[in-house]
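Residues per chain, in single letters:
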Amino acid sequence: MATAKVIFATITGNNEDVADIITEKFEQLGVDVTKEEISQADATEFEDVDICVVVPYTYDQGALPEEGLDFYDDLQELDLSGKIFGCAGSGDTFYEEDYCRAVTDFSAAFKKAGATQGASDVFVNLAPTAEDIEHLDAFTEQLVKAQA
Ligand SMILES: Cc1cc2nc3c(=O)[nH]c(=O)nc-3n(C[C@H](O)[C@H](O)[C@H](O)COP(=O)(O)O)c2cc1C
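Small disclaimer: the values here were computed from a predicted structure and weren't measured.

Colleague: Summarise the UniProt feature "domain: Flavodoxin-like" (unreviewed entry) in the protein chain; cite the residues concerned and give the values.
Modeller: Feature annotation in UniProt places "domain: Flavodoxin-like" (unreviewed entry) on residues 4-144, given in this structure's numbering. What you have in residues 4-144 is 36% helix and 21% strand, and the ends, taken at the C-alpha atoms, are 9 Å apart.

Structure below.
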């Protein structure tokens, strides 16, 4: 059975909702998945799973979650070659060029760690809509297919 870990950061709950949608889809697909809040997690936990997912919010004009900065630094130092990764997250289109910047930054960190991108980044504007759920389900299916 494939294994996955979903790490999220949230202030007002939107990114936990995104993480829940992804986690439930993994479960439906028979993946052994765990979900964890970023300040409680250690980046090395990704070494123990097949599929690695980060779901961060973006703050203060493109900034990463403050409580996820250590995790972000540590992630780039890992060797995740052979692992599949995907990033998704909720931001706000109001911030235009900084919209969901943290999602893009975490994708870059995974690439630096040598992981393989299994699905394109998914950006969600504020709370996930029915259409966003479809995108997130397709994202999760792609990650599982990429791992097989
Ligand atoms: C002070 C502040 C700054 C923000 N800056 C950005 C930003 O640069 N880019 C972005 O996409 N969203 C930005 N947002 C919007 C949040 O990322 C968005 O509301 C998101 O859904 C929050 O996720 P959460 O509910 O998981 O905390 C900002 C929000 C606040 C309150």
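Colleague: Please provide a residue-by-residue account of a negative patch on the surface, values included.
Modeller: A cluster of like negative charges, contributed by Asp42, Glu47, Asp48, Asp70, Asp73, Asp74, Glu77 and Asp79, occupies part of the molecular surface. You can see Asp48 is positioned in the loop between strand 2 (32-37) and strand 3 (51-55). Given the relative accessible area of 63%, Asp48 is considered exposed.

Colleague: Just give me the short version of the layout of surface pockets, but keep the residues and values in it.
Modeller: The computed volume of the largest pocket comes to approximately 370 Å³. Looking at side-chain class alone, the lining of the largest pocket contains six nonpolar, ten polar and three charged residues.

About the criteria used
- Residues numbered from 1 in each chain as written.
- Predicted model: local features only at pLDDT ≥ 70, side-chain atom pairs only at ≥ 80, totals over all residues.
- Heavy atoms only, no water.
- UniProt positions renumbered as here; feature names shortened; annotations may be inferred.
- Helix = DSSP H or I, 4+ residues; strand = E, 2+ residues; numbered from the N terminus.
- Patch = residues over 30% accessible without salt bridge, like charges linked within 9 Å, V, L, I, M, F, W, Y side chains within 5 Å.
- Areas by Shrake-Rupley, 256 points an atom, 1.4 Å probe, with all protein chains shown as cover.
- Salt bridge = Lys/Arg side-chain N within 4 Å of Asp/Glu carboxyl O.
- Lys, Arg positive; Asp, Glu negative; His and termini not counted.
- Charge placed at Lys NZ, Arg CZ, Asp CG, Glu CD.
- Buried < 20%, exposed > 50% of the residue type's maximum accessible area, 1.4 Å probe, protein only.
- 1 Å grid on protein atoms, 1.4 Å probe; cavity = no way out; pocket = protein on both sides within 12 Å on 5 of 7 lines; lining within 4 Å.
- Points joined across faces, edges and corners; volume = space filled by probe spheres on them.
- Nonpolar A, V, L, I, M, F, W, Y, C, P; charged D, E, K, R; others polar.

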